[in-house]
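Each chain, letter by letter, is given below.
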Amino acid sequence: MAVLAPRLVAFFVNENLAGDAIARTWLAHRWLEAPHLMTTFSDGSKQFGPLHLYLLALAEFLWPSLLHAGRVLSLLAGALTAWPLYAFTARRFGASAATFAVLGFAFWGLHIQCSTTSASEALNLLLVMGAVALFDLERWVAAALLLNLACATRFDSWLLVPLLAAAEGFRRQSVLAAVRFGALASLFAIAWLVGNQLGEGDAMFPLRYIDQFHRAWWPSEASVWGEWTYRLVCLFFWPGAAVLMLTPLFAIAGVSGLRKAWVERAGLRWLVLLILLSIGLYTFRSVVMASFAPLARFTMKELLLLLPFAGWALAAMRPRVAWGAVAFAAVWCVALAAYCFTPDSRWSFTLRSVAATSRLEPALRVTTEWLQQHPGGLLVVDEDPRSFDDLPLSYFSGRPFDEQLRRRYERYDEALGTAIPRWLVLFDGGRLEVTPLDAEHVAYRGHRFELRHSARVRVFERVE
């Protein structure tokens with residue numbers, strides 16, 4: 001209930017915006033129109049894990065709402081994560097430590113956000129925490145099967161397979177045990193690689209696609225920060241994320257708990273190493289190889305696994321200090337959510353990526369509200385050349401899915417066919433092939449469109 005309560009509050013004010021929520025929702029909707037087994041990158045899932053898309057489609061089937069059905073899925077997964085988190089922490093460190101761990105989790109702003117959008121993190125963290133809890137109980141078959149589901153949800157979970165396989169080998173002092181666990185935990189990965197080899201001609205195609213995206217993204221970030229400054233940012237990204245999102249007291253307690261567990265709990269060194277090696281590998285790619293641009297969402301698995309150690313350290317402190325840490329986490333969560341509720345400044349726009357709230361910025365909302373007030377007819381949205389603002393503009397336009405079409409869609413020409421749109425949403429420098437006629441008119445496919453609304457983007461209506 002402690003975890004569910006703040007998520008329920010946020011659910012009724014948040015919008016399905018962050019974490020690729022819109023793209024995932026649309027992909028699941030298209031799959032629901034023609035259900036099939038997704039086996040390749042081009043088979044409907046793109047760079048996303050297919051399990052999450054299947055479940056989003058199921059949620060839409062049960063509640064036909066593109067705006068909200070997937071959010072309910074995340075809400076359930078986010079709240080249920082408290083169960084394996086509490087069970088694992090209580091078993092290893094006691095009920096008091098488990099209570100503090102779960103309360104720290106309850107007021108984790110980014111997780112609240114992920115639990116109220118159609119992002120994949122809430123589901124993935126439930127599966128990862130469940131796999132770790134089962135692994136700790138030495139139920140290696142159940143842990144491996146749950147890890148497969150995590151790998152089918154997000155591809156960054158694949159890193160856990162070799163790490164946990166190595167941990168199983170060391171725990172049992174058996175190479176066979178490591179191979180056995182690794183093989184069972186790799187069933188989805190093997191099937192996905194084979195599917196992409198047969199369908200795309202490259203088993204690693206989805207991973208190469210994601211890798212190329214980050215390799216291209218890193219220089220763009222470095223050009224903003226400066227190369228060496230950005231390397232320094234990447235070096236301290238995971239510790240900084242812990243301080244910013246879990247709050248300094250929980251972050252310090254987590255590090256203290258890790259150190260103490262390494263010294264006093266030899267049976268938990270596998271988890272300490274799993275956390276540190278994951279962070280180290282991502283940091284190496286960012287700082288040394290300049291091939292990975294970290295985001296706050298990428299730190300969530302490691303921060304979740306840090307919470308049991310934080311709970312243990314807090315339980316050993318004076319009650320006033322421990323409960324003060326919880327109170328500060330709650331205040332910080334609410335304050336950051338309030339500050340980012342209307343992201344209308346540089347800092348509120350930046351910090352909303354770690355806040356509990358997920359809402360449109362005012363510059364886009366003015367256009368989406370205008371579109372909602374002017375329904376009817378096919379809406380075509382240009383591709384934003386600088387960002388992805390075309391996605392929320394289309395998604396929150398108030399139109400049914402079949403009455404909106406985005407130039408970004410890879411099958412745009414085929415989907416449009418001979419249809420003539422009534423509305424055009426245009427970006428400066430966009431890809432839509434319109435011909436300017438004068439300050440208030442453009443031509444598109446032989447028809448004349450007149451300017452009806454102008455803000456960050458312009459909306460034109462067909463007049464002939």
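Residues numbered from 1 in each chain as written. Predicted model: local features only at pLDDT ≥ 70, side-chain atom pairs only at ≥ 80, totals over all residues. Heavy atoms only, no water.

Quick look at a nonpolar patch on the surface
We count it as follows: Like charges are joined within 9 Å and nonpolar side chains (Val, Leu, Ile, Met, Phe, Trp, Tyr) within 5 Å, but only among residues with over 30% relative accessible area and no salt bridge; these make up the patches. Note on areas: Shrake-Rupley, 1.4 Å probe, and residue coverage restricted to the protein chains presented here. A pairing counts as a salt bridge when a side-chain nitrogen of Lys or Arg comes within 4 Å of a carboxyl oxygen of Asp or Glu. Put simply, DSSP marks the helices as runs of H or I at least four residues long and the strands as runs of E at least two long, and each gets a number from the N terminus on. For every residue, the accessible area obtained with a 1.4 Å probe (protein chains only) is divided by the maximum for its type, and the residue is called buried under 20%, exposed over 50%, and partly exposed between those limits.
Where nonpolar side chains cluster on the molecular surface, the patch consists of Leu8, Phe12, Val13 and Phe341 and spans about 360 Å² of accessible area. By secondary structure assignment, the location of Phe341 is in the loop between helix H19 (319–339) and helix H20 (346–351). Residue Phe341 is classed as partly exposed on the basis of its relative accessible area, which comes to 31%.

A word on the pattern of salt bridges
For the coordinates displayed, the defined rule picks out 26 salt bridges. Linking Glu121 and Arg154 is a salt bridge whose minimum nitrogen-to-oxygen distance equals 3.1 Å. Residue Glu121 is found in helix H8 (residues 121–136), and its partner Arg154 is found in the loop between helix H9 (140–151) and helix H10 (160–172); the two are separated by 33 residues along the sequence. Side by side, Glu121 and Arg154 carry an identical accessibility label, which is buried. With its nearest N and O atoms 2.9 Å apart, the salt bridge here joins Asp390 to Arg408. In this pair, Asp390 is assigned in helix H22 (residues 390–395) and Arg408 in the loop between strand S2 (404–406) and helix H23 (412–416), connecting sequence segments 18 residues apart. Classification of Asp390 by relative accessible area gives buried; the value is 0%. By relative accessible area, Arg408 is classed as partly exposed at 25%.

Thoughts on the pairing of strand S3 (residues 423–426)
Spelled out, the test is: One bridge is not enough; two strands pair if DSSP finds at least two bridges between them.
Neither face of S3 is open: one carries Trp423 and Val425, the other Leu424 and Leu426, and all of them are buried. Here three bridges tie strand S1 (residues 379–381) to S3, and the two strands are oriented parallel to one another. Each bridged residue has a counterpart across the sheet, and for Val380 the counterpart in S3 is Leu424. As judged from the four bridges shared by S3 and strand S7 (residues 458–462), these two strands associate in the antiparallel manner. Residue Leu426 lies in a different strand from S7, and its bridge partner there is Arg458.

Considerations on the sheet that holds strand S4 (residues 435–438)
Note on sheets: strands pair through backbone hydrogen bonds, and any given pair is parallel or antiparallel. Just so we agree on the cut-off: Think of each axis as a best-fit line through the C-alpha atoms, taken over the contacting stretch in the case of a helix, with angles from 0 to 180 degrees between the N-to-C directions. Working rule for contacts: check all heavy atoms of both residues, and any pair within 4.5 Å makes them a contact.
Spatially, seven strands are ordered S2-S1-S3-S7-S6-S5-S4 in an open sheet, and the strand pairing comes out mixed. The open sheet is flanked by S2 and S4, the only strands paired with a single partner. Averaged over all neighbouring strand pairs, the angle between strand axes comes to 30°, with direction disregarded. Bridge analysis of S1 against S2 gives three bridges, and the strand direction is parallel. Bridged to Leu379 within S2 is Gln404. Sheet strands touched by helix H21 (residues 362–372): S1, S3, strand S6 (447–454) and S7. Its angle to S6, the strand with the most contacts, is close to 125°.

A word on the pairing of S6
Note: strand S5 (residues 441–444) against S6, four bridges, orientation antiparallel. The partner of Tyr444 across the bridge, within S6, is His447. Between S5 and S6, which follow one another and run antiparallel, lie two residues, and Arg445 among them has a positive phi close to 55°. Judged from the five bridges that link them, S6 and S7 form a sheet pairing that is antiparallel. When the sheet's bridge partners are listed, Glu450 is paired in S7 with Glu461. Turn length for the S6-S7 hairpin, with the two strands adjacent in sequence and antiparallel, is three residues.

Quick word on the side chain of Arg365
As for its position among the elements, Arg365 is in helix H21. Other than its neighbours up to four places away in sequence, Arg365 contacts Glu15, Arg359 and Leu360.

Concerning the state of the cysteines
Which entries qualify depends on this criterion: Counting rule for disulfides: a pair of cysteine sulfur atoms within 2.5 Å.
Summed over all chains, the structure comprises zero disulfides. Distance from the sulfur of Cys114, which forms no disulfide, to the nearest cysteine sulfur (Cys333) is 12 Å. The exposure class of Cys114 is buried, given its relative accessible area of 0%. Here Cys333 is not disulfide-linked; the sulfur of Cys340 is the nearest cysteine sulfur, at 11 Å. When its relative accessible area of 8% is taken as the criterion, Cys333 is described as buried.

Comments concerning the environment of Ser42
Mapping Ser42 onto the fold places it in the loop between helix H2 (21–33) and helix H3 (50–62). When the C-alpha positions of Ser42 and Val255 are compared, they lie 42 Å apart, and in sequence the two are 213 residues distant.

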